[in-house]
Each structure stands twice: as structure tokens, then as C-alpha cells.
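Working through the structure, step by step
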Amino acid sequence: MTANKGLLGLNEPQRAAAEHIHGPVLILAGAGTGKTRVVTTRIAGMLYNDIPASQILAVTFTNKAANEMRERVGTMVEEGMAKDTTICTFHSLCVRVLRSCIERLGYKKTFTIYTQSDQIGLLKRIIVRKLGKDESLDPKMANMMISQAKNSGQPVSDQEDALIAEVYRTYQKELKALNAVDFDDLMILAVRALEENPDVRKEWQRKFRFIMVDEFQDTNHLQMSLLRNLVGPEQNVCVVGDDDQSIYGWRGADITNILDFERFFPNPKVIKLEENYRSTNRILRLANSLIRHNIDRREKTLWSSRGEGEKIRLVSMPDAETEAEWIVAEILECHRIDRRKYDDIAIQFRMNSQSRLLEEALREAEVPYKLIGGQSFYERREIKDVLAYLNLFLNHDDDVSLLRVIGTPSRGIGQGTIALATQFSIDHQISIFETLNDFEFLATLTKRAQNAIEAFCDFLHRYSDSAHTDSANYATMTEELLKEIEYSDFLKKNCKTPEEVDMRRRNVAELIEGMHHHIEKSKRGLRGFLDSVSLAQDKEDKDDDGGEGVSLITMHAAKGLEFAVSFIVGVEDGILPHSRSIEEGTRDEERRLFYVGITRAMEDLTITWCHSRRRYGDNLPCQASSFFRELNKEEIDESDHEELASAPVEEAVAEDYFEQMKQMLSG
Ligand code: ATP
Ligand code: MG
């Protein structure tokens, strides 16, 4: 009956979990015990047992994790068999739900997804309008507070700060008027749509009969509600997670969801996994010595048959520049002498800003790397320009895109006219596009301005018609668009150097290349393309472009991944644990984050910290992380950079140099 070869590689409890597909299943187990592997094998098993692929849903948190899962399933089944399974992030699942039924909530189906920079743009305008230019409410700060309020499900009136509450109310009202939703809305609205509409709910329950969630410990109450609404009467739901790896408390993740699981999905089959297949025993013991300092956790025994392994190196550095250089030298050695692939090596850090020095050092040494997180391709000016046009074609009410497009390049509609239109749209509570078509408004303008506006609206209608056709080749359409608006000339006029023009043009070409690729693999048209672009811009979750290289990655983004060789850098008090953790009482969560970092390593783990660090131009002294005191000394080899630098060159290294020298001399 089953030809699922994946099952052969599983241990007893893993196999039980993979084969038990009816009714609720809960797998709560430590890092590297094969939880994700159970999920992928389970999917392969269902496919071999003739469960239609379209009835299977697996959800996780990051695009990278979803892609990896999809790949793993792909290798386990025959070609094309897994094509119709849905393996995606929570956010992209919500987009699908909303594209099917958002009208029920008073939005139009063509809604636009606002990324963080769009949100901040909108907030800036609201703040200036409400408070005048002098008021110093930081839009980024406002954005953060609004997001927190949204996720905690608190009504605006509970917000302490009246100012924020007012900005929040206006923001939400205007978003809706723009027919746009932000990332938080995706979750909130999808849950509301399902909760308020039994027919919609039933339809989705019928669609996905088998549901799995990876990294369940990081779900918040909204994701739990989503799950409860999607799981149908058959209750075929399997969640896997590890309470020690819960690191999204700051985003409202709620560890009690695991306990609640039994409340909402009674009598689950509970499965325990204890064998770790990823790391050496030293790495596991080190991780365990740290995490056992957290109270309120389920004690787990983890063991590995991968041997003892090397001791973990703990190295202190004089400063962050030296740290970066030393690590890059280590990586080069690892690559040349141990023949490690760059893909098998990761450098993990706590904060995005820590990556800059590392990037510089890697570039200097010409070591290929992938920055996971960091400024996204899609945040570049020229890319945002093109995307604004495309978003506007699909949703005329998207004011943020319209305001970007209307003067890029300029088309005879001046700043004064734009300001008037914006004011009119606010006074009459209509979109700017509607304003531009409003006779009363047009009557206040000069003939010339009227003509320019008319030409602009005609232009929009013309492109919208083809953009809305699912079968349209939007890559070709975009090429025509760029010709028509003479975007290349615009770049020439607006860039400082020919190199900059060249770079921006190349980026645009790259974007169009991406469209061609998307057209080949997806039937969801321009809308589908723009959705995937927006979703790829989740702050913590920017995927790499697939090339080979060392991964530069935050510990948050590294969850679920594994690397043969791993460096964790800048482990100092104030960084890990983060300085905010004391006042916010999140020291335990910082400890879990460090635990996640440590358990990514399969064989080689090095942890570094710096005695001093440059901040605002000054060298400030730093202290080693207070977590070090908790680590089991027996697993650690402690040293400082000077010792290492003056140590004699190892034999293997010397031999390698000798070999290279010989090759050089022999030409
Ligand atoms: P995390 O908690 O970090 O998400 P996990 O529990 O999801 O970890 P996986 O990533 O599924 O663990 O597995 C860790 C590694 O162990 C992977 O390389 C996986 O292929 C391997 N592995 C899992 N189960 C087995 C097994 N039964 N035999 C051999 N290798 C296994
Ligand atoms: Mg996993």
C-alpha cells in the first residue's frame, strides 16, 4: 500500500507520528529530534496513500522554512506528486483566505498588502497632518506600538497614549479607504472572515482535510484561532514544537497554546522524541546546561548517536573588527583545509546591525555569503517605483502607490495640485484617484492641470485593463510600461553617477527576470506575483537568492535550520541577553534564543565576544554575556584572540600553504 521510502529512515516514535494521520497529534520534543522531518515524511506518506495533494496543508513561520519543507517533500515523492500540496507561511495562507472572501469584510478583492516601508510612509503623512511638522512622534515607533496593540487584540481605547490612539484610529481608517492591509491585518482579517462567516469556514475546512503546523511554540492567539477555524470536524491536525525554542513572545506568541491544544483538540496522540540526529553530544550537553536555568519548562532528555564531538570554542576578542577578521580567516581555513562547503557554514548574531562588519570582512576576503534579513532587494528605490505602478494598476485606491507614481517621472502634475488633491480626498473621504476623477475637484484647477490629470487617468485605465487579465504577460507589459514612461531617462537624470544608473537598471532587469520566472511556475498572474513579493519582505524573514555562500543570519531567522559549522558572535551582556530584556523581564526568552543558536550546530561550534565595541564613534568596554556562567565548563575550550594569534601554525595549515606555494611556483 505505502511506498513511502521516507518511513524507513524513521525511528519508532517518529514513524508512529508520521503514520497516525487521523485525529489530533501533538509532538513536543527538543531541537533536532526530527520534528520537521516527521511532518515532511507524513506528507509524503499521505500522497502515497492517495490522499489528494490539494487536501494537505502544512504551515510554518518563515519563507525559508516553508521552501525547505517543500523541497524535502519533493525529494521523497515522485515528480509532480506534491505539486498541489499547500506548504506555506501563516501570512501567505491568510492572503489566500482573504483573496477568496475579503469582500465579506468590506474590502475589495484587489486589496494591496502594505509592507513596513509603506506603513511608515502612511504613518508619516498622518502624523504630519494631525500634529504639524514640529511634533516629534517617530513614525517607526508609532508603527511598532500600533502593531503591538493589534496583535494583543486590545481596543484602541486601552492605549495609554492618547496621541498614539488617535494616530492608530486614523491609520486603520485610511488603510481601509486605500483598500490596503498590513501584515498584522492579514492575520486579524483572515481570522475574522472565517469566524464571522460559517459558509466560508466550512468551505476552507472541506478544502484542507489534513493540517500540520511546524514551530507551533511560536504561534500567538490569532494563529491559534486561525487553526481552530480551519480544522474541520475530522480533527486531522498535527502540531509539532519545542517549548524551549519559543522566541517570539515579543510578538505575542503564547506558549500556553501547547497546553490549550489539548483543550481545543481533545485526546490527541502525544508523541515524545528524544534522539537528536543533528548535533554532537557535547553541543547537546552545552545547550542543556544553559536551558535548564529556565524555570517553567518541560524537562527533556536528549541524546545523540553522533558521538562526543569537539569541544565548543569560546573566544574573546579585543574588538568587533578583529572578531570579524578572525572569523573570516577561520572560515577560509575550514573551506580550504576541511573542504567544507560555504553553504554548511553560518555566522549567527542577535541583531541585524551586527552583520555590517562581518559582511565587510567577507567581501574583502572574497568569501561568498548570503545575508538572510537585511535590506531587501524589493526595498530599493527603482524596484519600489516599478512595484508602485503595478500595485496601482490593480488597485486604484492605493494612495501610497499613486503618490509615488504620479511624479515618477513628472508628468505635468505639480506638487501644488497633488497637495490639493490629497486635501480634497481627506475632506471628502475618497481616494486620491477618485478625487482626480471628481468634477468638483477638477473645476478648481487650471486647464493645463486638468489635461495632465486626464492623460494620467487614461494611462492608468489602459494598463489596468491588461493587468487585471490573469493570462496577461505582465513581464512584457512592464517592459512596455518602462519604455512608455521613459524610465531609463528618468534614472539618468536622477542618479549621481553612471555606475548608479547602471546598477539601478540592472535591478529593474532582474525584477523583470523574476516576473518571467514567476509566469512559468505560477498561474496566479500579476496579483500572485505582487503578493509573493510583499510576503518576501517580512522583516525577520528575507530569504536568500539561492546561490552558494556562508549564511549571515540572526538567531531568530535561524530557527529550524542546521549548519555543520556555526559561529555565534558578539555574545556580550546588552546584546545577548539584549539590554531591553532586564526591564522587559524577558531574560528567559533571551536564554531560549541562545539555546536555538547553539542547537543549530551539527559538528563545530564557536562562540565569540568582544572586550570593546565601537558605538557612536567611541570604543566602549563590553562584558562577556552573563549566560556564560551557566554553560557547562567541561564542554568548553576557552581562549582569547591573542593566544590564538600567537599559537604556532597547525601542521595541516602549514602543509596547505606549502602545497599552494608549490603550485604557484610550478605555474
Ligand atoms: P528543530 O527543533 O531545530 O526544528 P527538528 O526537531 O525539526 O529540529 P529536523 O530538522 O527534522 O529536527 O531534524 C534534524 C536533523 O536530523 C535533520 O538533518 C534530519 O534529516 C535528521 N533526522 C531526523 N530524523 C532522523 C532519522 N530518523 N534518521 C536520520 N536522520 C534524521
Ligand atoms: Mg524543525
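Since the model is a prediction, treat every value here as computed from it, not as a measurement.

1. Here's the deal with the overall build of the protein
The number of helices and strands found in the protein is 29 helices and 18 strands. Against the globule reference of 26 Å for 667 residues, the protein gives a C-alpha radius of gyration of 27 Å, in line with a compact fold. With the C-alpha coordinates of the protein rotated into their principal frame, the extents come out at 80 × 65 × 55 Å. Considering only contacts in the protein between residues 6 or more positions apart, those separated by 24 or more positions represent 79%. Entry remark: accessible area of the protein is about 31,300 Å², with carbon and sulfur atoms responsible for 49%. Each charge class in the protein was averaged separately, 86 positive and 111 negative side chains, and the resulting centres sit 4 Å apart.

2. As for helix H27 (residues 587–598)
Between its first and last C-alpha atoms H27 spans 17 Å; for twelve residues at 1.5 Å apiece the expected length is 16 Å, and the two agree. In terms of burial, H27 is largely enclosed, as ten of its twelve residues are buried. Within the span of H27, buried status applies to Glu589, Glu590, Arg591, Arg592, Leu593, Phe594, Tyr595, Val596, Gly597 and Ile598. Contacts from the buried residues of H27 go to helix H12 (281–291), strand S12 (345–349), helix H25 (555–558), strand S15 (563–568), helix H26 (580–584) and strand S16 (601–615).

3. Thoughts on the domain arrangement of the protein
With domains assigned, the protein is organised as domain 1 (5–98 + 187–273), domain 2 (112–178), domain 3 (281–375 + 545–666) and domain 4 (377–536). Here the C-alpha centroids of domain 1 and domain 4 sit 38 Å apart.

4. Let's talk about the sheet that holds strand S8 (residues 269–271)
Spatially, the six strands line up as an open sheet ordered S3-S2-S6-S7-S1-S8, and their pairing is parallel. Two strands close off the open sheet at either side, each with one partner strand: strand S3 (86–89) and S8. The average undirected angle you get between the axes of adjacent strands in this sheet is 15°. Relative to strand S7 (residues 237–241), strand S1 (residues 25–28) is paired through four bridges, and the arrangement is parallel. Directly across from Leu28, in S7, lies its bridge partner Gly241. Along the sheet, helix H3 (residues 63–76) contacts strand S2 (56–60) and S3; its crossing angle with S3, the most-contacted strand, is approximately 160°.

5. Looking at the site of ligand 1
Near ligand 1, the surroundings consist of 20 residues, among which Gly9, Lys35, Thr36, Glu562 and Arg600 are the closest. Gly9 is positioned such that a nitrogen or oxygen atom in its backbone is 2.7 Å from a nitrogen atom of ligand 1. For ligand 1, the accessible surface in isolation is 640 Å², of which the surrounding protein chains cover 87%. With three residues, the single largest contributor to the shell around ligand 1 is helix H2 (residues 35–48). When the residues that make up the shell around ligand 1 are grouped by side-chain class, the tally is three nonpolar, ten polar and seven charged. Lining the shell around ligand 1 are residues from two domains, each supplying at least three of them: domain 1 (5–98 + 187–273) and domain 3 (281–375 + 545–666).

6. Some points on empty space enclosed by the protein
Applying the stated criterion across every chain yields a total of five cavities of 30 Å³ or more. What lines the largest cavity is Thr36, Thr60, Ala65, Glu68, Met69, Arg72, Asp214, Glu215, Gly560 and Leu561. Tallying contributions element by element places H3 first for the lining of the largest cavity, with four residues.

7. Quick notes on the pattern of salt bridges
The final tally for this structure, using the stated rule, is 43 salt bridges. Note that Arg504 and Glu382 form a salt bridge whose closest N and O atoms lie 2.6 Å from each other. Here Arg504, found in helix H23 (residues 498–521), pairs with Glu382, found in helix H15 (residues 381–394); they are 122 residues apart in sequence, far enough to count as distant. Its relative accessible area of 13% is what places Arg504 among the buried residues. For the salt bridge of Arg580 with Glu584, the shortest nitrogen-to-oxygen distance reads 3.7 Å. Residue Arg580 and its partner Glu584 are located together in helix H26, separated by four residues, close to a single helical turn. One network of salt bridges, with partners in common, ties together Asp242, Asp243, Asp244, Arg297, Glu299 and Lys300.

8. Quick word on the pairing of strand S11 (residues 312–319)
Alignment of S11 against strand S18 (residues 636–640), held across five bridges, turns out to be parallel. When the sheet's bridge partners are listed, Ser316 is paired in S18 with Asp640. Bridging between S11 and S16 involves six bridges; their strand directions are parallel. The residue of S16 that forms the bridge with Arg313 is Thr606.

Criteria and cut-off values
Residues numbered from 1 in each chain as written. Chains lettered and ligands numbered in written order. Predicted model: local features only at pLDDT ≥ 70, side-chain atom pairs only at ≥ 80, totals over all residues. Heavy atoms only, no water. Helix = DSSP H or I, 4+ residues; strand = E, 2+ residues; numbered from the N terminus. Rg over C-alpha atoms; globule rule 2.2 N^0.38 Å. Contact = heavy atoms within 4.5 Å. Areas by Shrake-Rupley, 256 points an atom, 1.4 Å probe, with all protein chains shown as cover. Lys, Arg positive; Asp, Glu negative; His and termini not counted. Charge placed at Lys NZ, Arg CZ, Asp CG, Glu CD. Expected span 1.5 Å × (residues − 1). Buried < 20%, exposed > 50% of the residue type's maximum accessible area, 1.4 Å probe, protein only. Domains from an automatic or database assignment. Pairing = 2+ DSSP bridges. Axes fitted to C-alpha atoms, helices over the stretch in contact; angles between N-to-C directions. Near = heavy atom within 4 Å. Polar contact = N/O pair within 3.5 Å; in protein donor to acceptor, adjacent residues only side chain to side chain. Nonpolar A, V, L, I, M, F, W, Y, C, P; charged D, E, K, R; others polar. 1 Å grid on protein atoms, 1.4 Å probe; cavity = no way out; pocket = protein on both sides within 12 Å on 5 of 7 lines; lining within 4 Å. Points joined across faces, edges and corners; volume = space filled by probe spheres on them. Salt bridge = Lys/Arg side-chain N within 4 Å of Asp/Glu carboxyl O.

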